[in-house]
Structure formats: C-alpha cells, structure tokens
Amino acid sequence: QVQLVESGGGLVQAGGSLRLSCAASGRTFSRYAMGWFRQAPGKEREFVAAISWSGGSTYYADSVKGRFTISRDNAKNTVYLQMNSLKPEDTAVYYCAAKVTRTIPTTYDYWGQGTQVTVSS
C-alpha cells in the first residue's frame, strides 16, 4: 500500500506557472505508475497526465499537452507536475494517483487528498 501527499498548489495569475509535487510513502515507489487528475467545481474528475514506473513513458490530456510536464524522481519517491501557461480553466483540485503496473493504467488504486490550484484571469 502507498500513501500519497500532494503539495505545491496555490493562486497564480493566468500565464503563470506552478509545480505540483506528490510524495509517496513506502519503499516500492518505483513499481508504481503515477497519474495526475483534476476536478473543477461542479465537474467530474478528469485525467491530466500519467507516467510509467520507469519514467520512460508519459501521456497527457489534450487540454494540457504542451503546457504541462509530468516527471518523477524514484530516489525521492516523488512525482511532479510542472504547469506552465496556466489558464483560468485549469482551476481545480489536483490529485495524484498510483497503481502497481509497468504500463500506463486506465484505473488507479491509490489517491491523494488533493491540492487546490486557482488561476485568476
């Protein structure tokens, strides 16, 4: 089992940048594929980005492609989401998620509590 704790959210102006971090507990972090999701008020949770256990494969939602970058540091048990050129529509609670798999999963077994990102216009 793994516990996930997100950080790095906050208030930023449109066009600005933020970097989210997700710290994982346990000694088997490198076995987990990791993902970032977000949920805006009144909307369903949506996929943002994912990264394989090795970091060799990444996948992005079309809405963030070219602006967001997912990465991981297995030595630090941490996955990151660098968000550039932020837009007001990126405002949401951002969650990280984990699953033991060597591929990019479609479902995840573990979830963090989320961190709020607010982009002002």
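For the structure, see preceding data.
As a starting point, this report considers the structure included with it.

Rules of the game
- Residues numbered from 1 in each chain as written.
- Predicted model: local features only at pLDDT ≥ 70, side-chain atom pairs only at ≥ 80, totals over all residues.
- Heavy atoms only, no water.
- Pairing = 2+ DSSP bridges.
- Helix = DSSP H or I, 4+ residues; strand = E, 2+ residues; numbered from the N terminus.
- Axes fitted to C-alpha atoms, helices over the stretch in contact; angles between N-to-C directions.
- Salt bridge = Lys/Arg side-chain N within 4 Å of Asp/Glu carboxyl O.
- Buried < 20%, exposed > 50% of the residue type's maximum accessible area, 1.4 Å probe, protein only.
- Disulfide = S-S within 2.5 Å.

### A closer look at the sheet that holds strand 1 (residues 4-7)
- Ordered in space as 1-3-8-7, the four strands form an open sheet in which the pairing is antiparallel. Every interior strand has two partners, whereas the edge strands, strand 1 and strand 7 (68-73), have only one. In this sheet, neighbouring strand axes are inclined to one another by 15° on average, regardless of whether the strands run parallel or antiparallel.
- Inspection of the sheet shows strand 7 paired to strand 8 (residues 78-83) by six bridges, in the antiparallel sense. Bridging across to strand 8, Ile70 finds its partner in Leu81.

### As for unusual backbone geometry
- With phi around 55°, Asn77 is a residue other than glycine that occupies positive phi space.
- Mapped onto the elements, Asn77 comes out in the loop between strand 7 and strand 8.
- Its identity as a non-glycine residue notwithstanding, Ser85 has a phi of 50°, on the positive side.

### Considering the pattern of salt bridges
- According to the stated counting rule, one finds five salt bridges in the structure shown.
- With a shortest N-O distance of 2.6 Å, Arg38 and Glu46 are connected by a salt bridge.
- A residue is classified by how much of its surface remains accessible, and Arg38, at 6% relative accessible area, is buried.
- Among the residues examined, Glu46 registers a relative accessible area of 34% and is labelled partly exposed.
- Arg38 serves as the salt-bridge partner of Asp90, at 2.9 Å between the closest nitrogen and oxygen. Taken together, the positions of Asp90 in the loop between strand 8 and strand 9 (92-100) and Arg38 in strand 4 (residues 32-39) put the pair 52 residues apart, joining distant regions of the chain.

### A short note on the state of the cysteines
- Enumeration over the complete set of coordinates arrives at one disulfide.
- In this model Cys22 forms its disulfide with Cys96; the gap between the sulfur atoms is 1.9 Å. The disulfide joining Cys22 to Cys96 has a torsion of about 45° about its S-S bond and is therefore right-handed. Taken together, the positions of Cys22 in strand 3 (residues 18-24) and Cys96 in strand 9 put the pair 74 residues apart, joining distant regions of the chain. By the burial criterion, Cys22 is buried, and Cys96 matches it.

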